[in-house]
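# Understanding the architecture of this molecule
Residue strings, one per chain:
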Amino acid sequence: MKVLVGVKRVVDYAVKVRVQNKSVDLKNVKMSLNPFCEIAVEEAVRLKESKKAEEVVAVSIGPKQCTETLRTALAMGCDRAVHVSTDLRTDYMELQPYAISKIFEKIIEKEGSDLVLLGKQGIDSDCGQTGPMLAGFLGWPQVTFAANLEATDAGIQVERETDAGTETINIPSLPAVVTCDLRLNEPRYATLPNIMKAKKKKVDTIAADSLGVDLDAHNEVLEVFEPPPRKEGIMVQDVDELLDKLKNEAGVLG
């Protein structure tokens, strides 16, 4: 089994973003590996460690700084990486899920991958569209929001999150696309020796505009704005005062 895992470079989850000129300001902002992609990387590496996968290839789309994010994936245990280079923003402002899915389709055809693992969504755009679109373009079965994944004789069995709980999907034979949710695993920290080894692992670079994919945005983001500040809370002395305020001031109790 050859596993391909998507790796997205996003604004770090702990950073308070700034909105400027109707978009998120990315200048001098700490960037890191998308948390859901990190879970996908961990699951891919676990498949290799259990001898279910022969090779794990990490793929990232974006500017030259994406190589730093790929090195993180390599330090976690991926075998090699592919950087699809473009200066277009990947947070939906310029490069959008349709084009990203098409790029992945081209890379997968070239790599001959059997299983594609992606984060369920990027924390920058929160679209959650790349995995389903990619499966549609490839004509492959898919499972989204994976909470548990087990390799079977020729396929995979995946427990996925739903609004009512979880359900188990069996894909009897590969290929397949899986998007990973928070409960799937706890990603490892890269050790110093593995970080040093990652510097020697192969990273291929491909120009996005050389793949024959339409990179134009098909939707226009008209405005990005910060949410209004929350009102300051108040302290109450006891339960009776709390109930009084909920009933007479907030109007949420009859």
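Residues numbered from 1 in each chain as written. Predicted model: local features only at pLDDT ≥ 70, side-chain atom pairs only at ≥ 80, totals over all residues. Heavy atoms only, no water.

## A closer look at the overall build of the protein chain
For the protein chain, the count of helices and strands is 6 helices and 13 strands. Dimensions of the protein chain, computed from C-alpha atoms along their principal axes, come out at roughly 65 × 45 × 40 Å. A buried classification covers 42% of the 254 residues belonging to the protein chain. Residue pairs in contact within the protein chain that sit at least 24 positions apart in sequence constitute 70% of those at least 6 positions apart. With the model as given, the accessible surface of the protein chain reaches about 14,400 Å², and the carbon-plus-sulfur share is 49%. (Helix = DSSP H or I, 4+ residues; strand = E, 2+ residues; numbered from the N terminus. Buried < 20%, exposed > 50% of the residue type's maximum accessible area, 1.4 Å probe, protein only. Contact = heavy atoms within 4.5 Å. Areas by Shrake-Rupley, 256 points an atom, 1.4 Å probe, with all protein chains shown as cover.)

## Overview of the side chain of Glu 42
Summarising the element assignment, Glu 42 is placed in helix α1 (residues 35-49). With relative accessibility at 2%, the residue Glu 42 sits in the buried group. Among the polar contacts made by the side chain of Glu 42, one reaches the side chain of Arg 46 at a distance of 2.7 Å. The residues contacting Glu 42, other than those within four sequence positions of it, are Met 76, Asn 185, Glu 186, Pro 187 and Arg 188. (Polar contact = N/O pair within 3.5 Å; in protein donor to acceptor, adjacent residues only side chain to side chain.)

## Brief notes about the nonpolar core
A general tendency of soluble globular proteins is for nonpolar side chains to be buried together. Of all hydrophobic cores here, the largest spans 35 residues; its most connected members are Val 3, Val 5, Leu 115 and Leu 117. Elements represented by at least two residues in this core include exactly β1 (2-6), α1, β6 (55-62), α2 (66-76), β8 (115-119), β9 (142-151), β10 (156-162) and β12 (176-180). Looking at this core element by element, the count peaks at 7 residues for α1. With residues up to four places along the chain from it excluded, the contact list for Leu 115 reads Met 1, Lys 2, Val 3, Leu 4, Leu 47, Ile 156, Leu 174, Ala 176 and Val 178. In terms of nonpolar packing, the next biggest core, distinct from the first, is built from 25 residues, Leu 4, Ile 100, Val 116 and Leu 138 among them. (Core = buried A, V, L, I, M, F, W, Y, C linked by side-chain atoms within 4.5 Å.)

## Examining the pattern of salt bridges
Considering all chains together, one arrives at 17 salt bridges under this definition. Where Arg 46 meets Glu 42, a salt bridge forms, and the shortest distance between an N and an O atom there is 2.7 Å. Here Glu 42 and Arg 46 lie together in helix α1, a separation of 4 residues that amounts to about one turn. A single network of salt bridges, built from pairs that share partners, joins Lys 2, Glu 55, Arg 80 and Glu 111. (Salt bridge = Lys/Arg side-chain N within 4 Å of Asp/Glu carboxyl O.)

## Regarding the packing of helix α3 (residues 97-111) against helix α4 (residues 130-138)
With their axes 9 Å apart at the nearest point, α3 and α4 run at an angle of 50° to one another. By the angle between their directions, the pair α3 and α4 is classed as oblique. Judged by the twist between their axes, the crossing of α3 over α4 is right-handed. Across the interface between the two elements, Pro 97, Tyr 98, Ile 100, Ser 101, Lys 102, Phe 104, Glu 105 and Ile 108 from α3 touch Thr 130, Met 133, Leu 134, Phe 137 and Leu 138 from α4. (Axes fitted to C-alpha atoms, helices over the stretch in contact; angles between N-to-C directions. Parallel < 35°, antiparallel > 145°, perpendicular 65-115°, else oblique. Left-handed = near helix turned anticlockwise from the far one by under 90°.)

## Digging into a nonpolar patch on the surface
Residues Val 239, Leu 243, Val 252 and Leu 253 make up a contiguous nonpolar surface patch of roughly 350 Å² in combined accessible area. Note on placement: Leu 243 falls in helix α6 (residues 239-248). (Patch = residues over 30% accessible without salt bridge, like charges linked within 9 Å, V, L, I, M, F, W, Y side chains within 5 Å.)

## Points about the pairing of strand β11 (residues 165-171)
For β10 and β11, the ladder comprises 7 bridges, and the chain directions are antiparallel. Counted as the bridge partner of Val 158 is Ile 169 from β11. Taking the residues between adjacent antiparallel strands as the criterion, β10 and β11 are bridged by 2 residues. (Pairing = 2+ DSSP bridges.)

## A short note on α1
Here α1 contains 15 residues, and its C-alpha end-to-end distance of 21 Å stays within 8% of the 21 Å for a straight helix at 1.5 Å per residue. Where α1 is concerned, the buried positions are Phe 36, Cys 37, Ile 39, Ala 40, Val 41, Glu 42, Glu 43, Ala 44, Val 45 and Leu 47. Downstream of α1 by one or two residues, Lys 51 has phi in the positive range, about 70°. (Expected span 1.5 Å × (residues − 1).)

## Focus on the sheet that holds β1
Spatially, 9 strands are ordered β11-β10-β9-β12-β8-β1-β6-β7-β13 in an open sheet, and the strand pairing comes out mixed. The sheet is open, and its two edges are formed by β11 and β13 (203-207), each paired on a single side. Between one strand axis and the next, the sheet turns by 35° as a mean value, whatever way the strands run. Pairing of β9 with β10 involves 5 bridges; the strand directions are antiparallel. Directly across from Asn 148, in β10, lies its bridge partner Glu 159. The sheet strands contacting α1 are β1, β6, β8, β9 and β12, and the helix crosses β8 at an angle near 150°.

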